Amino acid sequence: MSASNATRYPTSSELERIRRAARIARLMDTAIRLPVIGVRIGADSVLGLLPAVGDVATSLIGLYILNEARRLGIPNDKLARMAVNLGIDAAGGSVPLLGDLFDVYFKSHRRNVGIILEHFGISEDELNQRT
């Protein structure tokens, strides 16, 4: 979506909330680069190794990002896409061993922050700029 299709540019307090969601998504999905293979993993991949508890914890964090999107005024169709991403992550991550590999590649939190950024027509680079 281009910036001209965005509903409006977020206020400074909304930008800070979006930045917080982006930081959480980075921590959950891409915080650490694995040497040699170069794949990025995060807490979602590590917590997913804990049966049941890890998947519930990462889903709750995903629900926090979804709730922030709702509070920012993201339309229902985009909230539904975000919920589907969370559902896919929870279902895929619940499969023993294969689910852990799935978590490394699906990165639902980053996808969901991407939906928020797309809605407001801002890039990650612009979001990270200090204003």
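Because the structure is predicted, anything quoted here is derived from the model rather than measured.

A. Structural context of the overall build of the chain. Across its full length, the chain holds seven helices and two strands. Each helix (α) and strand (β) of the chain, taken in turn from the N terminus, gives the series α-β-β-α-α-α-α-α-α. A compact globule built from 131 residues should have a C-alpha radius of gyration of about 14 Å, and the chain, at 15 Å, falls within 12% of that. If you line up the chain on its principal axes, its C-alpha atoms span 45 × 35 × 20 Å. Within the chain, residue pairs in contact and separated by at least 24 positions form 62% of the contacts whose partners lie at least 6 positions apart. In the form shown here, the chain has an accessible surface area of approximately 7,200 Å², with 64% of it arising from carbon and sulfur atoms. Between the averaged position of the 16 positive side-chain charges in the chain and that of its 14 negative side-chain charges there is a distance of 5 Å.

B. Examining the nonpolar core more closely. Ranked by size, the top nonpolar core spans 20 residues in total, and within it Ile18, Ile65, Met82, Val113, Ile116, Phe120 and Leu127 carry the most contacts. Contributions of two or more residues to this core are made by α1 (12-29), α3 (53-71), α4 (76-93) and α6 (108-120). Residues within four places of Leu127 in sequence aside, it is in contact with Leu15, Ile18, Arg19, Ala22, Leu117 and Ile122.

C. How the structure looks around the pattern of salt bridges. Scanning the entire structure with this criterion turns up six salt bridges. The shortest N-O distance in the salt bridge between Glu16 and Arg19 comes to 3.6 Å. In this pair, Glu16 and Arg19 are both assigned in helix α1, three residues apart and thus about one turn of the helix distant. Its relative accessible area of 30% is what places Glu16 among the partly exposed residues. The residue Glu124 makes a salt bridge to Arg110 at a minimum N-O spacing of 3.1 Å.

D. View of the packing of α4 against helix α5 (residues 98-106). Between α4 and α5, whose axes approach to 7 Å, the crossing angle comes to 150 degrees. One element, α4, and the other, α5, form an angle in the roughly antiparallel class. Residues Asn85, Ile88, Asp89, Gly92 and Gly93 of α4 touch α5, and the partners they reach there are Gly99, Phe102, Asp103 and Phe106. In terms of residue class, the contact of α4 with α5 is made up of three nonpolar, four polar and two charged.

Parameters and conventions
- Residues numbered from 1 in each chain as written.
- Predicted model: local features only at pLDDT ≥ 70, side-chain atom pairs only at ≥ 80, totals over all residues.
- Heavy atoms only, no water.
- Helix = DSSP H or I, 4+ residues; strand = E, 2+ residues; numbered from the N terminus.
- Rg over C-alpha atoms; globule rule 2.2 N^0.38 Å.
- Contact = heavy atoms within 4.5 Å.
- Areas by Shrake-Rupley, 256 points an atom, 1.4 Å probe, with all protein chains shown as cover.
- Lys, Arg positive; Asp, Glu negative; His and termini not counted.
- Charge placed at Lys NZ, Arg CZ, Asp CG, Glu CD.
- Core = buried A, V, L, I, M, F, W, Y, C linked by side-chain atoms within 4.5 Å.
- Buried < 20%, exposed > 50% of the residue type's maximum accessible area, 1.4 Å probe, protein only.
- Salt bridge = Lys/Arg side-chain N within 4 Å of Asp/Glu carboxyl O.
- Axes fitted to C-alpha atoms, helices over the stretch in contact; angles between N-to-C directions.
- Parallel < 35°, antiparallel > 145°, perpendicular 65-115°, else oblique.
- Nonpolar A, V, L, I, M, F, W, Y, C, P; charged D, E, K, R; others polar.

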